[in-house]
Amino acid sequence: QVASHPHAQVRATIAQALLEQINPARVSQLVGFLEDPYEPTRLMVRDGLVELLADETVGPALAEELVSVRPDLSWRGMEQLLKIMVAVPRVADEAWITTQINHPRPEVFIPAVWAVRRLKITAALPVMLIRVRAAEAQMVNLNLDLSPYLDDITEQVCHMFQAFGEMKYKPAERMVVNSIKLNSPF
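Residues numbered from 1 in each chain as written. Predicted model: local features only at pLDDT ≥ 70, side-chain atom pairs only at ≥ 80, totals over all residues. Heavy atoms only, no water.

## Observations concerning unusual backbone geometry
To keep things clear, this is the line we draw: For helices the rule is a DSSP run of H or I covering at least 4 residues; for strands it is a run of E covering at least 2, with both sets numbered from the N terminus onward. Summary of the burial criterion: residues with accessible area below 20% of their type's maximum are buried, those above 50% are exposed, and those between are partly exposed, where the area comes from a 1.4 Å probe applied to protein chains only.
We note that Lys120 has phi near 55°; this positive angle belongs to a residue other than glycine. Among the structural elements, Lys120 can be located in the loop between α7 (106-119) and α8 (125-141). Using a relative accessible area of 43% as the deciding quantity, one classes Lys120 as partly exposed. With a phi angle near 50°, Lys168 is a residue other than glycine that sits in the positive phi range. Looking at where Lys168 falls in the secondary structure, it is placed in the loop between α9 (150-166) and α10 (173-179).

## Observations regarding the nonpolar core
Where a protein is soluble and globular, its nonpolar side chains tend to be buried together. Basically, it comes down to this: The definition of a nonpolar core used throughout is a set of buried Ala, Val, Leu, Ile, Met, Phe, Trp, Tyr and Cys residues joined through side-chain atoms within 4.5 Å. The contact criterion used is simple: two residues touch if any of their non-hydrogen atoms lie within 4.5 Å.
Core analysis: the biggest nonpolar cluster contains 54 residues, and Leu49, Ile97, Met128 and Phe164 have the highest contact counts within it. Setting aside anything within four residues of it in sequence, one finds Phe164 in contact with Leu125, Met128, Leu129, Val132, Tyr169, Ala172 and Val176.

## Description of the side chain of Arg46
Along the chain, Arg46 falls in helix α3 (residues 39-52). The class for Arg46 is buried, based on a relative accessible area of 14%. Those residues within four positions of Arg46 in sequence are excluded, and the remaining contacts are Leu34, Gln80, Lys83 and Ile84.

## Considerations on the packing of aromatic side chains
Our working rule: Here a Phe, Tyr or Trp ring, Trp counted by its six-membered ring, pairs with any other such ring whose centre lies within 6.5 Å, and the pair is stacked when the planes are under 30 degrees apart, edge-to-face when over 60, and tilted otherwise. A ring is considered to have a charge above it if a Lys NZ or an Arg CZ atom is located within 6 Å of its centre and within 35 degrees of its normal.
For the coordinates displayed, the defined rule picks out 2 aromatic pairs. Note on Phe161 and Phe164: the rings are 6.1 Å apart at their centroids and 40° apart in plane angle, and the pair reads as tilted. Within this pair, Phe161 and its partner Phe164 are both found in helix α9, separated by 3 residues, close to a single helical turn. Feature note: the residues Phe161, Phe164 and Tyr169 constitute an aromatic cluster, connected by ring pairs. Positioned above the aromatic ring of Phe109 is the side chain of Arg131, whose terminal nitrogen or guanidinium carbon lies 4.8 Å from the ring centre.

## Some words on the packing of α7 against α9
Cut-off, in case you're wondering: Under this scheme, a helix contributes an axis fitted over its contacting stretch, all axes are lines through C-alpha atoms, and angles between N-to-C directions fall in the 0 to 180 degree range. Convention used here: angles under 35 degrees read as roughly parallel, angles over 145 as roughly antiparallel, angles from 65 to 115 as roughly perpendicular, and any remaining angle as oblique. Residues were grouped as follows: Ala, Val, Leu, Ile, Met, Phe, Trp, Tyr, Cys and Pro as nonpolar; Asp, Glu, Lys and Arg as charged; and all remaining residues, including Gly, as polar.
The interhelical angle for the contact between α7 and α9, taken along N-to-C directions, is 10°, at an axis separation of 9 Å. In terms of orientation, α7 lies roughly parallel with respect to α9. Every residue of α9 that contacts α7 at Pro106, Phe109, Ile110, Val113, Trp114 and Arg117 is listed here: Asp152, Glu155, Gln156, His159, Met160, Gln162, Ala163 and Glu166. Residue classes in the contact of α7 with α9 are distributed as 7 nonpolar, 3 polar and 4 charged.

## Side note on the pattern of salt bridges
To keep things clear, this is the line we draw: We define a salt bridge as a contact between a side-chain nitrogen of Lys or Arg and a carboxyl oxygen of Asp or Glu at a distance within 4 Å.
Counted by the stated rule, this structure contains 8 salt bridges. Between Asp93 and Arg70 there is a salt bridge, with its nearest N and O atoms 2.9 Å apart. Of this pair, Asp93 sits in the loop between α5 (75-87) and α6 (94-99) while Arg70 sits in the loop between α4 (59-69) and α5, and the two are 23 residues apart along the sequence. Of the residues examined, Arg70 reaches a relative accessible area of 10% and is grouped as buried. Of the charged contacts, one joins Glu166 and Lys120 as a salt bridge, the two residues approaching to 3.1 Å between their closest N and O atoms. Of the two residues, Glu166 sits in helix α9 while Lys120 sits in the loop between α7 and α8, which places them 46 residues apart along the sequence. Taken together, the shared-partner salt bridges in this structure form one network comprising Arg117, Lys120 and Glu166.

In structure tokens form, the structure reads like this:
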């Protein structure tokens with residue numbers, strides 16, 4: 001009951017106490033704080049979980065818990081989980097990360113592409129190429145007003161272009177070169 005307290009500082013204190021007194025039986029309680037509405041608590045828990053994944057006693061139970069909660073996570077938890085997967089690549093699920101490229105929330109689709117780039121997930125490159133072409137079609141060909149989302153889409157596309165270059169993805173080469181032109185949408 002106290003973990004769902006309405007005051008953010010109370011929840012942060014509980015999360016900190018769990019981090020300091022962690023054991024395999026409490027892992028699920030701690031992982032639940034990845035969903036906390038208070039961002040500093042989510043970040044503290046994420047950083048703590050990254051460290052705990054290296055622990056021989058708690059690490060295996062924590063890795064299992066992260067897999068089991070994945071389908072139930074909101075965008076808050078998904079964002080933190082993507083960052084955990086980059087920090088601890090052995091727990092990264094490349095197929096799951098790839099599906100998050102098309103997530104509706106920028107808090108998820110931007111870190112997903114960043115994770116693909118950092119983890120060098122080559123299987124995600126075709127999905128990213130489709131996403132870039134769709135964004136280009138929305139902005140140029142369909143002339144849709146995407147102004148509320150423009151910064152998020154642009155940030156995602158920049159990560160994609162960087163991934164294309166870093167992983168030498170030939171099918172995207174022409175699009176990347178064309179994007180260098182003056183006044184290009186990408």
